[in-house]
Amino acid sequence: MQEFTKTFDVGGVSLTFRSGKLAKQADGAALIQLGETVVLTAAVGAKSAREDLDFFPLTVDYRERASAAGRFPGGYHKREGRPTEKEILTCRLTDRPIRPLFPKGWFNEVQVQSIVLSADGENDPDILSILGASVALTLSDIPWSGPLGALRVGRVGGEFVAFPTHSQMEESDLDLIYVGNRTDVVMYEGSAKEISEADFNAALAFAQDFCLPIIEAQEQLAAEMNITKREVTVSDIPEDYINEAASLIGGKIIDALLITEKLPREQACNELKEQLAGSLAEKFGEENITGKLVGEIFYRLQKAHVRKLILDEKKRLDGRSFDALRDITCEVGVLPRTHGSAVFTRGETQALAAATLGTNEDSQEFDSYTGGVTEKRFLLHYSFPNFSVGETGRISGPGRREIGHGALAERSVLPVIPQDSFPYAIRITSDILESNGSSSMGSVCAASLALMDAGVPIEKAVAGISIGICTECDADHHVDRYQLLTDIIGWEDAFCDMDCKIAGTTEGITGFQLDLKLRGLPLSIMTEAVEAARVARLRILDTMAQTIAAPREELSKYAPRIEIVKVSPDKIGLLIGPGGKNIKSLVERSGCEINIEDDGSVFIYSIDQDGMEIAKQEIMAITAEIEEGTIYRGRVVSIKEFGCFVEVLPGKEGLCHVSELANFRVKRPSDIVKEGDEIVVKCIGVDEKGRVRLSRRAAMAERDDSYAMDAEADEDESDSPEDSQDHGDSRGSDDGDEDRGGDRGRRRSRGSRGGGGGGGGGGGRGRSQDRPSRDSESSRDSESSRDSESSRGDSDRDQDRDRGGDREKSSDDDGRERRRRPSRRPSRRKSDSSAPRRSKD
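In short, a report on the structure. Computed from a predicted model, the values in this text were never measured in an experiment. Every residue gets a number counted from 1 within its own chain, in the order that chain's sequence is written. Predicted model: local features are reported for residues with pLDDT of at least 70 only, side-chain atom pairs are reported and counted for 80 or more only, and whole-chain, interface and lining totals are derived from all residues. Working from all heavy atoms in the structure, the side-chain values ignore hydrogens and water.

Turning next to the environment of glycine 154. Note on conventions: DSSP H or I runs of at least 4 residues are helices, E runs of at least 2 residues are strands, and numbering of each starts at the N terminus. Looking at the secondary structure, you find glycine 154 in strand β7 (residues 149-156). Once the C-alpha coordinates of glycine 154 and threonine 165 are considered, the two residues, 11 residues apart in sequence, prove to be 9.2 Å apart. We call two residues contacting when some pair of their heavy atoms lies within 4.5 Å. Ignoring anything within four residues of it in the chain, the contact list for glycine 154 reads Glu159, Phe160, Val161, Pro164, Met169, Ser172 and Leu174.

Two rings belonging to Phe, Tyr or Trp (six-membered ring only in the last case) form a pair when the distance between their centres is within 6.5 Å. Interplanar angles under 30 degrees mark stacking, angles over 60 mark edge-to-face geometry, and anything in between is tilted. Taken as a whole and judged by the stated rule, the model has 16 aromatic pairs. The interplanar angle of 35 degrees and the centroid separation of 4.3 Å between the aromatic rings of tyrosine 241 and phenylalanine 284 together place this pair among those described as tilted. Placement of tyrosine 241 in helix α5 (residues 239-257) and of phenylalanine 284 in helix α6 (residues 262-284) is noted, with a sequence separation of 43 residues between them. Judged by centre distance (5.8 Å) and plane angle (75 degrees), the rings of tryptophan 491 and phenylalanine 495 are edge-to-face. Taken together, the positions of tryptophan 491 and phenylalanine 495, both in helix α10 (residues 490-495) and 4 residues apart, correspond to about one turn of that helix. Taking relative accessible area as the criterion, tryptophan 491 reaches 15% and is therefore assigned buried. Cluster of aromatic residues (ring-pair linked, three or more members): Phe56, Phe102 and Trp106. Charge-over-ring placement is defined geometrically: NZ (Lys) or CZ (Arg) within 6 Å of the ring centre, and within 35 degrees of the ring normal. The side chain of arginine 265 reaches across the aromatic face of tryptophan 491, ending 5.6 Å from its centre. Type-normalised accessible area, obtained with a 1.4 Å probe on protein chains alone, sets the label of each residue: buried when under 20%, exposed when over 50%, and partly exposed for intermediate values.

A few words now on empty space enclosed by the protein. Over the atoms, a rolling probe the size of a water molecule traces out where space has been left empty. Cavity means a closed set of points on a 1 Å grid over the protein atoms alone, one where a 1.4 Å probe fits but cannot get out, pocket means an open set with protein on both sides within 12 Å along at least 5 of 7 lines, and lining means a residue has an atom within 4 Å of a point. Grid points are joined across faces, edges and corners, and a volume is the space filled by probe spheres set on the points. Counting across every chain of the model gives 8 cavities of 30 Å³ or more. In this structure, the second largest cavity spans a volume of roughly 60 Å³. A class-by-class count of the residues in the lining of the second largest cavity yields 4 nonpolar, 1 polar and 2 charged. Under the grouping applied here, Gly and all other residues not named as nonpolar or charged are polar, the nonpolar ones being Ala, Val, Leu, Ile, Met, Phe, Trp, Tyr, Cys and Pro and the charged ones Asp, Glu, Lys and Arg.

On to the sheet that holds strand β4 (residues 37-49). Paired through their backbone hydrogen bonds, the strands of a sheet run either parallel or antiparallel. Strand pairing is assigned whenever DSSP identifies at least 2 bridges connecting the two strands. Strand order in this open sheet of 6 strands is β1-β2-β3-β4-β6-β5, and the pairing throughout is mixed. The sheet terminates laterally at β1 (4-10) and β5 (58-64), the two strands that pair on one side only. Taking the axes of each pair of neighbouring strands and ignoring which way they run, one obtains an average angle of 15 degrees across the sheet. Direction of pairing for β1 relative to strand β2 (residues 13-19): antiparallel, over a ladder of 7 bridges. Its bridge partner being in β2, phenylalanine 8 is matched across the sheet by leucine 15. Along the sheet, helix α4 (residues 197-225) makes contact with β1 and β2, crossing β1 at roughly 165 degrees. Axis geometry follows a simple rule: fit a line to the C-alpha atoms, using only the stretch in contact for helices, then measure angles between N-to-C directions, giving values from 0 to 180 degrees.

What follows deals with the packing of helix α13 (residues 581-590) against helix α14 (residues 609-623). Packing of α13 against α14 leaves a shortest axis separation of 9 Å and a crossing angle of 150 degrees. Here α14 runs roughly antiparallel to α13, going by the angle between their axes. In this structure, α13 meets α14 at a crossing whose hand is right-handed. Across from Leu586, Arg589 and Ser590 in α13, the residues of α14 making contact are Gly611, Ile614, Ala615, Glu618 and Ile619. Our angle categories are set so that under 35 degrees counts as roughly parallel, over 145 as roughly antiparallel, 65 to 115 as roughly perpendicular, and the remainder as oblique. Handedness of a crossing is defined here by the sense of rotation of the near helix relative to the far one, left-handed for an anticlockwise turn of less than a right angle and right-handed for a clockwise turn.

This part covers unusual backbone geometry. A cis geometry characterises the amide bond from glycine 146 onward to proline 147, with omega recorded as 5 degrees. Its identity as a non-glycine residue notwithstanding, glutamate 194 has a phi of 55 degrees, on the positive side. Residue placement: glutamate 194 occurs in strand β10 (residues 185-195). Residue aspartate 487 is not a glycine yet carries a positive backbone phi of 60 degrees. With respect to the secondary-structure elements, aspartate 487 resides in the loop between β19 (479-486) and α10. Judged by relative accessible area, which is 0%, aspartate 487 ranks as buried.

A few words on the sheet that holds strand β9 (residues 174-180). Read from one edge of the open sheet, 8 strands run β8-β7-β9-β10-β21-β20-β18-β19, paired in antiparallel fashion. Of all the strands in the sheet, the pair left with one neighbour each is β8 (159-162) and β19. Across the sheet, the mean angle from the axis of one strand to that of its neighbour is 20 degrees, orientation sign disregarded. Pairing between β7 and β8: 4 bridges, direction antiparallel. When the sheet's bridge partners are listed, valine 153 is paired in β8 with alanine 162. Across the face of the sheet, helix α8 (residues 400-413) comes into contact with β10, β20 (498-504) and β21 (509-516) while running at roughly 150 degrees to β21. Those strands touched by helix α11 (residues 523-547) are β9, β10, β18 (463-473), β19, β20 and β21, and its axis lies near 145 degrees from that of β18.

In this section: helix α1 (residues 85-98). The span you would expect from a helix comes to 1.5 Å times its residue count less one. For α1, which comprises 14 residues, the first-to-last C-alpha distance of 21 Å matches the rise-based estimate of 20 Å (1.5 Å per residue) to within 8%. Of all the 14 residues making up α1, 11 are buried; the element is thus mostly covered by neighbouring parts of the structure. Within the sequence span of α1, burial applies to Glu87, Ile88, Thr90, Cys91, Arg92, Leu93, Thr94, Asp95, Arg96, Pro97 and Ile98.

When a carboxyl oxygen of Asp or Glu lies within 4 Å of a side-chain nitrogen of Lys or Arg, that pair is called a salt bridge. Within this structure, the stated rule accounts for 46 salt bridges. For aspartate 27, the salt bridge is made with arginine 230, and the minimal N-O distance between the two is 3.3 Å. With a gap of 203 residues between them, aspartate 27 in the loop between β2 and β3 (28-34) and arginine 230 in the loop between α4 and α5 connect regions that are remote in the sequence. The partner of glutamate 296 in a salt bridge is arginine 300, and the shortest N-O contact between them spans 3.2 Å. Residue glutamate 296 and its partner arginine 300 are located together in helix α7 (residues 291-311), separated by 4 residues, close to a single helical turn. Bridged by salt links that share partners, the residues Asp318, Arg320, Arg326, Arg346 and Asp487 form one connected network.

Below is the structure:
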């Protein structure tokens, strides 16, 4: 079979329509290509109608294949399963503009199915699904009053862009999906970052200009393929049945329709319907009067009288004026344990919203074969239980309508959610407790109130409203007269022609969605509807502000607190540890939830302040670097002949050479410390390989200097002379000892030891605080100490070298007598444990 192709430029991009080669057994099929994104759409219409149906059975399905992006689907079975939220929303997006263009009273089942065959990650296929449906129906024999044009519009740098890519949409403050016929708007949907009404109307006009070349390309393709439509047989009701019904209940139905409350109005109408069924059966015979027939007759009478009341008598069913809002009440803090809650009631529509704050781990991640976002930190889930309309029915998970309404409310509120300054995942659940029109916009208002009650610092409150229209059209379906309706109720939605939902702040529009039962609506009328929505929205926002005008200053006590600690990205592995050992241990000890980002941002979530402090301190300790000149309290992890290794930060240790253990001559490190001891050391150097040199001697000396300064200050303050004592020089000269402290890998200089060397000789005035508290041996006098040191020969000195680079185990002679130099002066006795953990030199 011959393939027919039409390639053309529109809005700076190239679109291609193909038909005739693939899916030839469908009534109509088309391949739509934009860039390297390709969608196949096929349409099939049943040849006859089902007798039991009283509605038009249109089914639209859209599926994304992982293979389109060269990927495997996730999950155990490695194949696509139930439709994702993106697929469901695209189904609705495709369904809404094509549905009004089928013949009224034609009940043959129609299925339109779209499959994404190729995805380039830049061009979203949702628009191609709408175009594919239009092309497939146009190139089929199915009766349909198309074709339609469709495109996405963004605004980048203040300029509108047709068919923007995902990369361009990242910089855009508008996401408008627009569908139109040759002259009028048919459907739109999307979101914006507080765009003004004037700019929004300009965007609609910009989009409409691109619909005509898209429509003409489809018409040319249909002409080339010589497409003819099948004969239509519509279900119709005998005229005498309708006339008899009108004469029987014509006057009564007006009284029933003008009952202001929903349930009494429905009850009165149901009673009239039962009366009508009996009267018609009596006149025309029970065998000719079915429940389906009575229902259709009564629906037509209801619709005709509702429209007559609005257009001719200027009356609404609930008695309001055309621009009036229903009574609004708002409450916040209605639930004790939620992080935030609110009830928004407008007339007989009531939404209960609950806000929950979570961590980044609570964000929703999903596959995105076609490009775009892959994670959401703000979620709004909408629920519509049966009792909200006083009915019973099947109870199941969310249906397509609930998913669609929740998505509309979510994208309406999202633009005011702080993205960077408030690093929480946020979920709103909106339960509709009563419904009589525009529950999705009620959810927007309730969500905004709940967020402020939770203390989420939203930039502005958001409200939404629905605008309806009642029209009278000529034979060519052009609008002759109309009446806009602010804040429509359910029956105005059912019996009239438009549901235009617009949400926003005091500054501009954030979300929008248009559903029409008409074949199109002029943009001039749409401009009036947008203005009516703005006026109503500002009034709703004023009412909401009387309940809560700004977010609460404090979060709920049940909400997790968060603190962000910045670490170097190259420390992330150290913080996590092998197999997650370190981070798992920290989470267990602190009771916090800890998330680590690739840029080194560490998010700590906790409702317990003590646990938060534990986590913060340990994270800083694990990721900190040992700094030269800083004093640390560390733990002796191993002892060698040449000194000991001390862990001063988690996982970080340095060498305290034997010459740096005390301010006197130390023969063996084990004379001063043992494994597991906690000692105070000072970092005296870090070499180019990152090896750390520590000194206990320097830390003790610095602490003594600090004590001496404190004592002098005390003497100055008291003005009383303190008994002076000759302390002498406890350290001696540093000559000969310059290269001894922790110079790992180099042989120690063997200069003169007589006058210094850390206080080992020449007066030998060691300090009492250098004595380990565990050493119970009596102090030796200075002469015996010097004799002991003098007895050490040159051979012993040759063995006393720096082995900092050689960390092999060596045996210690535990039997040797431990010696210590006695103190020659009284001093403040203070154990190592009294020193601060860290202090700058």
